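Structural description and commentary
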Amino acid sequence: MGGPLDTVAGLARQLAAREVSSVEVTRAALDRIAALDHALNAFVNVDGDGALAAAAAADAARARGGAGPLAGVPIAHKDVLMTAGLPTTCASRMLATFVAPYDAHVVARLKDAGTVLVGKTNMDEFAMGSSNENSHFGAVRNPWQPACVPGGSSGGSAAAVAARLVPAATGTDTGGSIRQPASYTGVTGLKPTYGRCSRYGLVAFASSLDTPGVFARTAEDCALLLGAMAGPDARDSTSVDRPVDDYAGSLAARPADPSRPLAGLRVGLPAEFFGDGVDGEVARAVDAAVGELRRLGAQTVDVALPRVGLSVPVYYVIAPAEASSNLSRFDGVRYGHRAAEYRDLADMYRRTRAEGFGAEVRRRILIGTYVLSHGYYDAYYLKAQKVRRLIADDFRAAFGRCDVIAGPTAPTAAFRLGDKADDPVQMYLNDIFTIGANLAGLPAMSIPCGFTGDGRPIGLQLHAPAFAEARLLTVAHRFQQATDWHARAPALPPA
Amino acid sequence: MDWEVVIGLETHAQLSTVSKIFSGASTAFGAAPNTQACAVDIALPGVLPVVNRGAVERAIRFGLAVGATINPVSVFARKNYFYPDLPKGYQISQYEVPVVQGGGVDIQSPARGPLRVRLTRAHLEEDAGKSLHEDYHGMTGIDLNRAGTPLLEIVTEPDMRSAAEAVAYAKALHALVRWIGICDGNMQEGSFRCDANVSVRRPGAPLGTRCEVKNLNSFRFLEQAIDFEVRRQVALLEDGRSVVQETRLYDPERGQTRSMRSKEDAQDYRYFPDPDLPPLAIDEAWIARVRAAMPELPDAMRERLERDYRLPAYDAAMLTQSREMAAYFEDAVRAFSGEPKTVANWMLGEVSAALNKAEIEIAAAPVGSTALAALLRQVEAGAISHKQARAMFDEMWSNVSVQLTGLSLEAAVGRLSAIIEEKGLRQISDEGAIEKLVDDVLAAHPSIVAEFRAGKEKAFNALVGKAMAATKGKANPAQVNAILRRRLGA
C-alpha cells in the first residue's frame, strides 16, 4: 500500500502511476507520527499544514506533468538543517525559538526534487552525542526497544525511518552521527564523501568533518536521495566541483552473472575492525554478512589501518576545537537565547551561554577552547591534524588493495538509556569504527545485517574511496537484494 | 645623551571592492545601519564564507607594487574573541601564512634622505562592525554594515626613526594604494588607518619596550601621537622608570595617548586555520594577469617624466603625487604641444594653489587639462600676456560661463579667443603700434629719459611701466622692452 510503510522507490513508482496521491501519503505519514511519536520523540516539530500544502502542490505538478522524480514523497529533516520559515533549533535551548530565514542547500535541493517536508527530527544538541540523550527536547526512544537509545546524534531521523513514520530523512555525520544510529535502529544510513553535498545551511558543529547525508530503508532509496542532494554549491568553498554520478542508474545496471553480482569486487577486512572490542553477537552478525558478500561473488582481502585506533582521541581534539569557534556566534547579541538579567557584557555572555547550552555542548566548548589555547595548540590541535593525515594515508593505502572496506558500524548494538550518560569516554568509544571515515573524508554506509538475541539491530559498515558512492551503494544494494534484514520492521502498530 | 626613536606601522587599508570579502553584500559607506549586512555578515547559523576574488586580486596588485613575494598558498585563520560587533565570535584573518610577504616602500626622510621602509607582510582580513554608544540611552547599538569589509593589513619592519619618517611613509603608502586603485584612501571614513608601534632606546642599544598606539586616522594625529608617545617614554626612562608593553589609544582632543590594555590583559585569540576556507591558492597565471593590468608605478613614472619631458626632479616628484595629477599633466602637455616645463610650472603654481584653496582633488578641477592647454596656447601665440593669462585662469576656474569643460582642444582655443576679444584682453603685439607707443612715452617723459641717460638703470623700468599703463597692460612686455632699448640705444 501507499504511505510511509513503503520505500521511497516504491512510493515514487505509485505516485508516478497515480495510484496514490501525495496528499494521501503525506496525511498517512502525519497520522502515523501523531499516533506513535509521543512514545518515540523522534520529531521536535511537525509541520502538518505546510506538508499538506506541499503535497497538494506536488499532486498539482504531477497533474500538469511537471513533477520531479521524488515529487510528493514525504521526508523529514534533521533539525540542524535550516528550513525557511520553520523553527530550526539544533535541539538546543539556545535556538529553541529560532525560525530559519532560509533553506539549507540540501533542503532546497530536496524541495526542488519535489519532496514534502513533514517535520524536523530530534537530535543530540548541536549534533554532539552518540545516544540522542543530549537534546533540549528530551531523549529519543529506539523503536525496536524503547528502553534503548536510537544512537546519535541523528537519533530522531533514524528512529523516524525505523518506525516507518517517514520513508526517508536527512541526517548529518560528523563522527558517525548517521551510521551509528542507522546501525542501532536497523535502517540504511549513508554518509557521503566530504564535499559531495554542500554544508550551506547546516548549523556547523565541526566544519572539517560535518557531512549531510540520508537515512532510508534501502540503499536504493539512499541513491535516489543522494542523487537529488549532491552537487557543487558556490556558497560552500569546501564543496567539490565534480559531476554527480547516476547512482540510481548504477544500481539498476544488470550484473554480468546474476548469481554472483559482486564478482570481481575486493572487500578489505581491516584486523583493527575485528578485534576484542567488538561485542560477540555483533562480530558474528558482521562475519555472516561478510560471508554473504563472498557468496555474492566478492573476494575478501586482509588490509591494515594501523592508526585508525587513534581516531577517537584525534576526533575529540579536532571536533571540539572547531566547535568552540563555530558556536561562538551564539552570544545572545543578534538572535537566539539571551539571559534575562545580567550585570555587564561579560556577564551577559556568561549567563546566556551557560543557560543556552547543555552540559555536553559546554564540555566540548571547554575542551576545544583548551586545545586551541596558547601553549597547547602544537601539542593538541597541530598533533591531531598530523595524525588525521596519517589515518587518511592508511585508508588510501588500504584502498590500493581493495574496493570497499567492511566491518561493524559500532562495537555493540543499542545500549539502554542512561547507561553511558555519566561516562563521556565510554560514550565516545562508541564511535571508534565510524570516526575514521570522517577524518579521511570518505563515503561510508551502515546497512542492517542482523539482530542480537534480544532483538536489537546490528549494522554492517562499508567504506569506499572518495566519491565512490556509486560503488558503495551498489554493493549495499546487491547485499539487500540477497537479504531481508533491512525489510524487518519493529513491532509497532501498523499504519 | 640622545634617545633614538624606533617606529613600525601597521596600516589597515580598506580594499575598494564592490562587495564584502566573504559575502555578496555591498561595501558602500554611509548606508542606514544594518541595511548592508546579509546572512553571512550577521553570522546566521549555517552560513559559510566565500572569498571575494577581487579582494585577493587587489592584494596581489599591492604585492607587485611593493616588490614583495606573493605566496602561492596562504591560509585564512580564525581569530577568536567575543565582542558584540564581531558577529561570528571570530574574525577571519591571515595569520601564519599571509598572501604578501616582504617588499618595501621608498620614502624621503627629512633627516636621513632617501630610504626604504621594509614591509614584513600584508595580509587579507575582514573588518568588524561598529558599536554605537551614543544615542541609545545607556544601551549600545550595533551596526554590522562594516562587518566583512575587506582589509589589507600592511605591516612594516621597525625601520622609521621619527614621527616625520612615519608620516612620510604613511603618505607614500597612502599615495601608492590609491595610485594602484586598491583603496580610496578616505581617512575620515576609516578607509586608511594606522597603528604605530613606538619605542625608544639609546643609540646602538637593543630595541626598547614598545607601545602600540591605535587608530590614527589622520597624518596629523599620527605625528602628534608618536611625538607624545616618545616624550612620555623618554620621560619615564629618564626618571628611572620603565615602559610597560601595552596598547594605547590616541585622544586627539587632548593630544595624548592613554592606556587601553596591558600585555597581561592581552587575549588569547586561539588562532587556527579556518576549516570553511581551503588554502588560498594563487598561481603564476593569475599573478601574470594582474601584472599585465598594473598601471605604471609612481617611481617609474617619475623617472620617465624627468627623462622624457626634461623636468627637474622636484617637478616630476610633485606631478606623480597621484595618478590623476600625472595624467592631467601628460594630457595637458599633449594638447599644448609646447614646452612641458611650462605646463609643469602652471600645474605646480596656479593649478595647485587653486586646488588647495578649493580643497578639491584634481579630478574635480573646473579647469581641465584641455582648457589649460588652450590657455597656454594663447600665451604661446602672444594673444595674451602671462599676467592676463593668470587672470583668465582665475576667471575660468570660478566663472561657470567661462568654463570650457567638455570642449575639444580646437573648440576650447576658439572659445578662449572669443572671450579674450570680448573682454578686450588681446595683447598688443603689433610692432608698429608698439614703436608708436614707445615714442609717445619717451616724448611725454623727458625727465625720466634724462635720468636713464645719467646712468640710473631703474629709470628704464619706469619707462616700461608707463608704456604698459598707457595700454592698460595689454602691450606685449617683451616687445616694449626690446623697442625701448633700441630707441634709447642702450
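Residues numbered from 1 in each chain as written. Chains lettered and ligands numbered in written order. Predicted model: local features only at pLDDT ≥ 70, side-chain atom pairs only at ≥ 80, totals over all residues. Heavy atoms only, no water.

1. Considerations on the overall build of chain A
A tally of regular secondary structure across chain A gives 16 helices and 11 strands. Expected size for 495 residues packed as a compact globule is a radius of gyration near 23 Å; at 21 Å, chain A falls within 12% of this value. In chain A, the proportion of contacts linking residues at least 24 apart, taken out of those at least 6 apart, comes to 76%. Of the roughly 16600 Å² that chain A leaves accessible, carbon and sulfur atoms contribute 53%. On chain A, the mean spot of the 49 positive side-chain charges and the mean spot of the 49 negative ones are 3 Å from each other. (Helix = DSSP H or I, 4+ residues; strand = E, 2+ residues; numbered from the N terminus. Rg over C-alpha atoms; globule rule 2.2 N^0.38 Å. Contact = heavy atoms within 4.5 Å. Areas by Shrake-Rupley, 256 points an atom, 1.4 Å probe, with all protein chains shown as cover. Lys, Arg positive; Asp, Glu negative; His and termini not counted. Charge placed at Lys NZ, Arg CZ, Asp CG, Glu CD.)

2. A word on the domain arrangement of chain B
Residues and elements named next belong to chain B. For chain B, the assigned domains are domain 1 (4-286), domain 2 (296-422) and domain 3 (431-488). For domain 1 and domain 2, the distance between their C-alpha centres works out to 37 Å. Contacts between the two partners involve eight residues from domain 1 and, on the opposite side, 11 residues from domain 2. Roughly 690 Å² is buried in total at the junction of domain 1 and domain 2, and carbon and sulfur atoms are behind 61% of that figure. Joining domain 1 to domain 2, the criterion identifies one salt bridge. Taking the shortest distance from any N to any O, the salt bridge between R178 and E361 comes out at 3.6 Å. Along the contact surface separating domain 1 from domain 2 lie two residue pairs in polar contact (both at pLDDT 80 or more). Counting residues per element, the side of domain 1 that touches domain 2 draws most heavily on helix α2 (residues 163-179), at four residues. Along the lines of polarity and charge, the residues of the side of domain 1 that touches domain 2 split into five nonpolar, one polar and two charged. (Domains from an automatic or database assignment. Buried area = accessible area lost by both parts, 1.4 Å probe. Salt bridge = Lys/Arg side-chain N within 4 Å of Asp/Glu carboxyl O. Polar contact = N/O pair within 3.5 Å; in protein donor to acceptor, adjacent residues only side chain to side chain. Nonpolar A, V, L, I, M, F, W, Y, C, P; charged D, E, K, R; others polar.)

3. Points about unusual backbone geometry
A cis amide bond links G152 of chain A with the next residue in sequence, S153 of chain A, at an omega value of 10°. Looking at the element boundaries, S153 of chain A is found in the loop between β3 (116-121) and α5 (155-162). In the Ramachandran plot, N41 of chain A falls in the positive-phi region, its phi being about 65° despite a non-glycine side chain. Relative to the assigned elements, N41 of chain A resides in the loop between α2 (22-40) and β1 (43-46). Backbone geometry places E359 of chain B, a non-glycine residue, at a positive phi of 50°. Looking at the secondary structure, you find E359 of chain B in the loop between α8 (340-358) and α9 (369-380). Judged by relative accessible area, E359 of chain B falls into the exposed class, the value being 72%. (Buried < 20%, exposed > 50% of the residue type's maximum accessible area, 1.4 Å probe, protein only.)

4. Examining the state of the cysteines
As used here, a disulfide is simply a covalent bond connecting the sulfur atoms of two cysteines. Applying the stated criterion across every chain yields a total of zero disulfides over all chains. A disulfide-free cysteine, C148 of chain A has its sulfur positioned 17 Å from the sulfur of C449 of chain A, the nearest such atom. (Disulfide = S-S within 2.5 Å.)

5. Re the nonpolar core
Judged by nonpolar contacts, the single largest core of 126 residues is most densely connected at F126, L293, F330, L460, L462 and L473 of chain A. Looking at this core element by element, the count peaks at nine residues for helix α10 (residues 311-326) of chain A. Of all hydrophobic cores here, the second largest spans 112 residues; its members include V56, A68, V99 and I182 of chain B. (Core = buried A, V, L, I, M, F, W, Y, C linked by side-chain atoms within 4.5 Å.)

6. Observations concerning the packing of aromatic side chains
Using the criterion set out here, one finds 27 aromatic pairs over all chains in the structure. Each ring, one from W346 of chain B and one from F393 of chain B, has its centre 5.8 Å from the other, and the planes form 65°; the classification is edge-to-face. Note that W346 of chain B is positioned in helix α8 and F393 of chain B in helix α10 (residues 386-398), a separation of 47 residues in sequence. The buried category is assigned to W346 of chain B, whose relative accessible area is 2%. Classification of F393 of chain B by relative accessible area gives buried; the value is 1%. An aromatic cluster of at least three residues, connected via ring pairs, comprises F98, F126, F330, Y335 and F357 of chain A. When the ring centre of F415 of chain A is taken as origin, the NZ or CZ atom of K420 of chain A, which lies over that ring, is 4.7 Å away. Note that K79 of chain B overlies the ring of Y269 of chain B, its terminal NZ or CZ placed 4.4 Å from the centroid. (Phe/Tyr/Trp six-rings, centres within 6.5 Å; stacked < 30°, edge-to-face > 60°. Lys NZ or Arg CZ within 6 Å of the ring centre and 35° of its normal.)

7. Observations concerning the environment of I360 of chain B
Within the secondary structure layout, I360 of chain B lies in the loop between α8 and α9. When residues no more than four places from it in sequence are discounted, the contact partners of I360 of chain B are L355, A365, P366 and W397 of chain B.

8. Digging into the sheet that holds strand β8 (residues 299-303) of chain A
All names here are of chain A. Strand order in the open sheet made by the 11 strands is β1-β3-β2-β4-β6-β5-β10-β11-β9-β7-β8, with mixed pairing throughout. Two strands in the sheet have a free side with no partner beyond their single neighbour: β1 and β8. Across the sheet, the mean angle from the axis of one strand to that of its neighbour is 30°, orientation sign disregarded. In the sheet, strand β5 (residues 188-191) pairs with strand β10 (residues 444-451) via three bridges, with the strands oriented antiparallel. Within β10, the residue paired with G189 across the bridge is S446. Packed on one face of the sheet, helix α9 (residues 280-295) meets β7 (266-270), β8, β9 (404-408), β10 and β11 (457-463) and runs near 50° to β11. (Pairing = 2+ DSSP bridges. Axes fitted to C-alpha atoms, helices over the stretch in contact; angles between N-to-C directions.)

9. What to know about the pattern of salt bridges
Scanning the model with the defined rule gives 54 salt bridges over all chains in all. Between R486 of chain B and E431 of chain B there is a salt bridge whose closest N-O contact spans 3.5 Å. One end of the pair, R486 of chain B, is in helix α15 (residues 477-488); the other, E431 of chain B, is in helix α12 (residues 431-444), with 55 residues separating them in the sequence. With a relative accessible area of 37%, E431 of chain B lands in the partly exposed category. The residue E435 of chain B makes a salt bridge to R486 of chain B at a minimum N-O spacing of 3.4 Å. Of this pair, E435 of chain B sits in helix α12 while R486 of chain B sits in helix α15, placing them 51 residues apart in sequence. Since its relative accessible area comes to 48%, R486 of chain B is described here as partly exposed. One connected set of salt bridges, linked through shared partners, spans R199 and D236 of chain A together with R78, D274 and D276 of chain B.

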